[in-house]
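Tertiary structure, described
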Amino acid sequence: MTDVKHMKWWGWGNEGVGFKYGDKPGFAPFVLEAVGLDLEKAIRQGEPSFEELRVPASNVTPAFVAELAAIVGEAHVTVEDKSRVIHTYGKSLRDLVRIRNNWIERAPDVVIYPADEAEVQQVVDAAIAANAVIIPFGGGSDIAGSLEPLPSETRTVVSLDLGRLREVLDIDEASGLARIQAGSQGPDLEAQLNARGYTIGHFPDSFTHSTVGGWVATRSSGMQSDKYGDIADIARGMRVVRPGGVLVLRPLPSTSSGPSVREMILGSEGRLGVITEVTVQVHRKPEQRDVYAYFFPTWEAGIAAMTEIAESDAAPSITRISDANETGFSLSTSKSRTGFSKFMAESALPSIMKSKGWDLSKICLSFIGYEGSKSHANRQRYLVNKIVSKHGGITFVGTGPGVLYDQKKFDTPYLRDFLLDMGAAGDVSETAAPWSKLLDVHRNAYAAAHRAYDEIGIKGWIMSHMSHSYHSGACLYFTFAFVFKDDPIAEYNTVKNAIQQSFVDSEATISHHHGVGVEHSPWLADDISPEGVVVMRGLFAATDPGNNLNPGKIVN
Ligand SMILES: Cc1cc2nc3c(=O)[nH]c(=O)nc-3n(C[C@H](O)[C@H](O)[C@H](O)COP(=O)(O)OP(=O)(O)OC[C@H]3O[C@@H](n4cnc5c(N)ncnc54)[C@H](O)[C@@H]3O)c2cc1C
C-alpha cells in the first residue's frame, strides 16, 4: 500500500478538519442577510457514505495491471474503488456537488504511483503502447475540471500520481535555484527549503494540498506574487516525461531560442507530458515579513491607490484589497475575542471613519505585505503609506489583522464544504485585466451575477477582492454564494457562466490562475482568438497524435 496522503474523497483537506462558526458571532446573521440561510434552523447533511457511492467498474485488464506492477511494484498500483474515486475529480464546487450526489460517470481505471522519473517513463511508454489514457495527478486540488476522465472515454484511463516524487534534490546556492521533484506538496517542499534558509515564495490558498508539478501545469499564482512572481516566473527549468523520452529545459535566466517551450509546458494540464522535476528560483528567507492592514473609504479609492502603488517605486510583496461586500464578510467571520470584531469594537476606528464622513457600509479592507531586510521593508511601507494617505486611506491599523489573515488563510477552503452541508453553494471565479478596465470588470461581474440570481429566482451573494498586482493591471477574484433551489448543477451553471461571460465581455481573461480544464474551455476562443485555438490544437495534435495525454482538457 502506498504511503501517499490524499484529501478527503468528498471534500477539501484533512479528515476531521472542518469549518466551525460557534466562535464567530457575526457569521450566522451575515449568512442570513446575504443568502437567506438560517444556520440555526438548517438541517446539516452528514458526511456522504462511501458504501452508497456507485463507482463505474474498472475496464483495466489483469495483464495490463501486471505489466504496470512489474514497473512500480504491486504495492504502488491499485484498482481499488476508493483510490479511483479520489483520482476522479479535483475540488471545484461542481466536483464536490457531483461526488456528494453520486454522479461519477467515468473514473480512472487504475491508479499508479511511480517512485522516480525512470519509472514514470516506463509507465508512460507502457500506457502509450496499450493505447491507454494518462492523466497526471499532483495534489488533486484543481478547480477547472482538469483531472476528470472524459465520460465518453472507452480506453483504459491511468491516473499517474506523482506523490512519491517529493524531494528537494539540490540547491544551487550561487544561482538561487532549487531542483524539486514534481509531486512535492507545498508544506513539504517549503520545510525542506526552510531547513537550508530558503523559501520558494509561492503560497496559493491551496498550498497545503497542491504540488509544484500541479502549479506549473495550471500556471498557478500565490499570495506573495507581487514580490516573487507567479509560478510562470518562479519555474525556470523542467523535466517532462513524454512518450519515448524526456523533454529537458535547463534553468536559464533568459533565452532567445525560439518560441518558448517552457511557456508551452506552463499551463499544459498534462497534455504535453508528465512533469517530473521543476527547477525553481528560491530566495533567502526574509529578515522581516509584515502584513499591514489598511482601510479605504470606497472601492474606487482603494483601486486608485493600488494602481498608483503598482506604477510607483514601491515594491510590496502583497497588495490586496477587498470590496465592501468582502470587507463585511471578513468582519463577520472574525472571532469575538481575537479578530476584527474586537478591533472594531475596542478601537476608535469606527468613530474616526465616521468623523471623516465615511459610509461604513462602503469601507474596504486592504492587506499590504512587506518583505526583505528591515530597512527595505520599512522603506517600502513608507512609500506605500504616502500613496494610501493620498487616496484617503487609513494607515494606522497595524499588523494585528494581517497576522490573523496570514494564519487563517489556509482554513477558508473548508467553508465551502460547510455551506454544501447546509444546502448552499459558495464558489469562485477569478480573472485579470488592465488597470483601466478593472472597475468595469468588477461592476459587470456583479451585474451578471445578480441577473443570474434573478433568473433562478433566488437571493444570491457576490463579493470580490483585487490581488496579484502587475505594472499594467491586476487579478480580480470573485466569490459567490446562494442556497440551492431545485437543481444544484443547473443553478450553479447559470451563475458561474454569467460571471465568466461577463469577464470576456469586459475584455478580461477567463482565468488568472486556475487554468482552463473543461470548466473554462468554452470561452478559450474569446480569450486567445480562434487563431490562437488553432495553434493550440495543432500543438497537442502534433505532439500527442494518439490523443493519449489527458485528452479533452484546454481544447477538445
Ligand atoms: C480551495 C482552493 C484554493 C485554491 N487557491 C489557489 C490559489 O490561491 N492559487 C492558485 O493558483 N490556484 C489555486 N487553486 C487551484 C489549484 O490548487 C491549482 O490549480 C493547483 O496549481 C493545482 O495543483 P495540484 O498539485 O493540486 O494539481 P492537480 O489538481 O493534481 O492537477 C491539476 C492539473 O495539472 C495536471 N498535473 C498535475 N501534476 C502534473 C505533473 N506533474 N505533470 C503534468 N501535469 C500535471 C493534472 O493532470 C491536471 O490537469 C485553489 C483550489 C482550491 C480548491
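Going by the structure above, here's the rest.
Here we summarise the structure given alongside this text.

1. Concerning the overall build of the protein chain
A tally of regular secondary structure across the protein chain gives 21 helices and 18 strands. Relative to a compact globule of 556 residues, whose C-alpha radius of gyration would be 24 Å, the protein chain shows 23 Å and is just as compact. For the protein chain, with 556 residues in total, the buried portion stands at 58%. In the protein chain, of all internal contacts separated by at least 6 residues, the share reaching a separation of at least 24 is 77%. For the protein chain, the exposed surface amounts to about 22300 Å²; the carbon and sulfur share of it is 53%. When the 53 basic and 67 acidic side-chain charges of the protein chain are each reduced to a single mean position, those positions are 5 Å apart.

2. Here's the deal with the packing of helix H11 (residues 299-311) against helix H15 (residues 374-390)
Two elements in contact, H11 and H15, have axes whose closest approach is 9 Å; the angle formed by their N-to-C orientations is 145°. You can see that H11 and H15 cross each other, and the crossing is right-handed. In this structure, H11 uses Ala305, Glu308 and Ile309 to contact H15, whose residues at the interface are Val384, Ile387 and Lys390. A breakdown of the residues in the contact of H11 with H15 according to their chemical character gives 4 nonpolar, no polar and 2 charged.

3. Quick look at the pattern of salt bridges
It is possible for side chains bearing opposite charge to pair when their charged atoms get close. Applying the stated rule across the entire model yields 24 salt bridges. Close ionic contact of arginine 320 with glutamate 326 constitutes a salt bridge, the shortest N to O distance being 3.5 Å. Put simply, glutamate 507 and lysine 437 hold a salt bridge, and the shortest N to O gap is 3.6 Å. Of the two residues, glutamate 507 is situated in the loop between helix H19 (488-505) and helix H20 (524-528) and lysine 437 in helix H18 (residues 435-456); the sequence distance between them amounts to 70 residues. A relative accessible area of 57% means that glutamate 507 is categorised as exposed. Three or more residues are tied together by salt bridges with common partners; here these are Arg44, Arg100, Asp417 and Asp421.

4. Concerning the packing of aromatic side chains
Here the structure, examined in full by the defined rule, presents 15 aromatic pairs. Centre to centre, the rings of phenylalanine 30 and tryptophan 461 are 5.1 Å apart; their planes meet at 80°, and the pair counts as edge-to-face. Taken as a pair, phenylalanine 30 in helix H1 (residues 27-35) and tryptophan 461 in strand E17 (residues 460-469) lie far apart in primary sequence, 431 residues in all. Its relative accessible area of 17% is what places phenylalanine 30 among the buried residues. Look at tryptophan 461 and you get buried, because its relative accessible area is 15%.

5. So, the state of the cysteines
Summed over the entire model, instances satisfying the criterion amount to 0 disulfides. This cysteine, cysteine 364, is not joined by any disulfide, and cysteine 475 carries the nearest cysteine sulfur, 16 Å off. Look at cysteine 364 and you get buried, because its relative accessible area is 0%. Residue classification places cysteine 475 among the buried positions, given a relative accessible area of 0%.

6. Some remarks on the nonpolar core
Judged by nonpolar contacts, the single largest core of 71 residues is most densely connected at Phe27, Leu39, Phe418 and Met466. Looking at this core element by element, the count peaks at 9 residues for H18. In this structure leucine 39 touches Tyr21, Phe27, Ala28, Val31, Phe418 and Met422, once residues within four positions along its chain are discounted. Counting 40 residues, the second largest nonpolar core, distinct from the first, contains Ala182, Ile200, Ala217 and Val282.

Rules used throughout
Residues numbered from 1 in each chain as written. Predicted model: local features only at pLDDT ≥ 70, side-chain atom pairs only at ≥ 80, totals over all residues. Heavy atoms only, no water. Helix = DSSP H or I, 4+ residues; strand = E, 2+ residues; numbered from the N terminus. Rg over C-alpha atoms; globule rule 2.2 N^0.38 Å. Buried < 20%, exposed > 50% of the residue type's maximum accessible area, 1.4 Å probe, protein only. Contact = heavy atoms within 4.5 Å. Areas by Shrake-Rupley, 256 points an atom, 1.4 Å probe, with all protein chains shown as cover. Lys, Arg positive; Asp, Glu negative; His and termini not counted. Charge placed at Lys NZ, Arg CZ, Asp CG, Glu CD. Axes fitted to C-alpha atoms, helices over the stretch in contact; angles between N-to-C directions. Left-handed = near helix turned anticlockwise from the far one by under 90°. Nonpolar A, V, L, I, M, F, W, Y, C, P; charged D, E, K, R; others polar. Salt bridge = Lys/Arg side-chain N within 4 Å of Asp/Glu carboxyl O. Phe/Tyr/Trp six-rings, centres within 6.5 Å; stacked < 30°, edge-to-face > 60°. Disulfide = S-S within 2.5 Å. Core = buried A, V, L, I, M, F, W, Y, C linked by side-chain atoms within 4.5 Å.

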